[in-house]
Amino acid sequence: MTDQPSLLPGDETADSALAALIEALLMASDEPLDLTALQRMIGAETPLGALQDALRRLDAQYASHPFIDLKTVTRAGQSAWRLTANAQLAPYIARSEPPRASRYSRAVLETLALIAWRQPISRGEIEAVRGVAVNPQILRTLSERGWIRVVGHKDTPGRPELLGTTPAFLADFGLDSLEQLPAFDQFVGQGALDV
């Protein structure tokens, strides 16, 4: 086991090391990290104030970075942070090898849209809106992708599962919260999502 440097606040070297460690953890994480997650990863002996100071240091550092932003998002009432490429990097990313995008059927996308807009929603309610039975593979696909999860059970006979979206859904679609979704009413009269 290698010796880890002290990350307790107090001197410039320790403060810089803590900021650099948080930066590396944010780079390695697929999801935004909140203070609780950072403290768990770094060590419970690291005071929350030291983490907040290190995040402020990183924020100042990235304020002048030409291509990367330290973005603060709010999830479940808590602030979380992630490193993101900014718009100035877009032309360079566009020249990269395009990733193989997964193709999803219209039924999968309609089901995901209904869950996002109407959550929590049961499978029966989805079927009532769409007018067709929901293939179990559709829900399995959305669940395996990490976009939906069971958020509870309806208080009716049979106690059907209630479905909702996940933080991964928000991250993959570039949303900070569900309030950023366009209004459902904009899509009424546009086809299969009519109610």
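What counts and what doesn't
Residues numbered from 1 in each chain as written. Predicted model: local features only at pLDDT ≥ 70, side-chain atom pairs only at ≥ 80, totals over all residues. Heavy atoms only, no water. Phe/Tyr/Trp six-rings, centres within 6.5 Å; stacked < 30°, edge-to-face > 60°. Helix = DSSP H or I, 4+ residues; strand = E, 2+ residues; numbered from the N terminus. Buried < 20%, exposed > 50% of the residue type's maximum accessible area, 1.4 Å probe, protein only. Salt bridge = Lys/Arg side-chain N within 4 Å of Asp/Glu carboxyl O. Core = buried A, V, L, I, M, F, W, Y, C linked by side-chain atoms within 4.5 Å. Contact = heavy atoms within 4.5 Å. Expected span 1.5 Å × (residues − 1). Pairing = 2+ DSSP bridges.

As annotated in an unreviewed UniProt entry, the chain is SMC-Scp complex subunit ScpB from Halothiobacillus diazotrophicus.

Before going further, it helps to spend a moment on the packing of aromatic side chains. Applying the stated criterion across every chain, the model contains 4 aromatic pairs. For the ring pair Phe67 and Tyr92, a centre distance of 5.9 Å and an interplane angle of 80 degrees mean the geometry is edge-to-face. Residue Phe67 is located in the loop between α3 (48–63) and β2 (68–75), and its partner Tyr92 is located in helix α4 (residues 90–94); the two are separated by 25 residues in the primary sequence. Ring geometry for Phe169 versus Phe173: centroids 4.9 Å apart, planes at 40 degrees, classification tilted. The class of Phe173 is partly exposed, set by a relative accessible area of 41%. Members of the aromatic cluster, joined through ring pairs, are Tyr104, Trp147, Phe169 and Phe173.

Another aspect to go through is the pattern of salt bridges. Summed over all chains, the structure comprises 9 salt bridges. Asp176 is the salt-bridge partner of Arg82, the closest N and O atoms lying 3.6 Å from each other. One end of the pair, Arg82, is in strand β3 (residues 78–85); the other, Asp176, is in the segment after α8 (167–172), with 94 residues separating them in the sequence. Across the salt bridge formed by Asp155 and Arg159, the nearest N and O atoms sit 3.5 Å from each other. Salt bridges here are not isolated pairs; linked through shared partners, they connect Lys71, Arg82 and Asp176.

Ranked by size, the top nonpolar core spans 20 residues in total, and within it Leu112, Ile115, Ile126, Leu139, Leu142, Ile148 and Phe169 carry the most contacts. Counting residues per element, the ones that place at least two in this core are α5 (106–118), α6 (123–130), α7 (136–144) and α8. Considering every element that reaches this core, the biggest residue donor is α5, with 5 residues. In contact with Leu139, other than residues within four places in its own chain, are Thr111, Ile115, Arg123, Val134, Ile148 and Leu163. One finds Leu18, Leu25, Leu26 and Trp81 within the second-largest nonpolar core, a separate group that totals 19 residues.

For an α-helix, 3.6 residues make a turn, and residues three or four places apart therefore share a direction. End to end, α5 covers 18 Å across 13 residues, agreeing with the expected 18 Å (1.5 Å per residue, within 8%). All of the buried residues in α5 are Val108, Glu110, Thr111, Leu112, Leu114, Ile115 and Ala116.

Moving on, we get to the pairing of strand β6 (residues 161–165). Of all 5 residues that make up β6, 4 are buried, and the element is covered over most of its length. Two strands pair when backbone bridges link them, and strand β4 (residues 121–122) and β6 are joined in this way by 2 bridges, in the antiparallel orientation. Each residue of the ladder has a partner; that of Ile121, found in β6, is Leu163. Two elements, strand β5 (residues 148–153) and β6, share 5 bridges in a ladder whose sense is antiparallel. Bridge pairing links Ile148 to Thr165 in β6.

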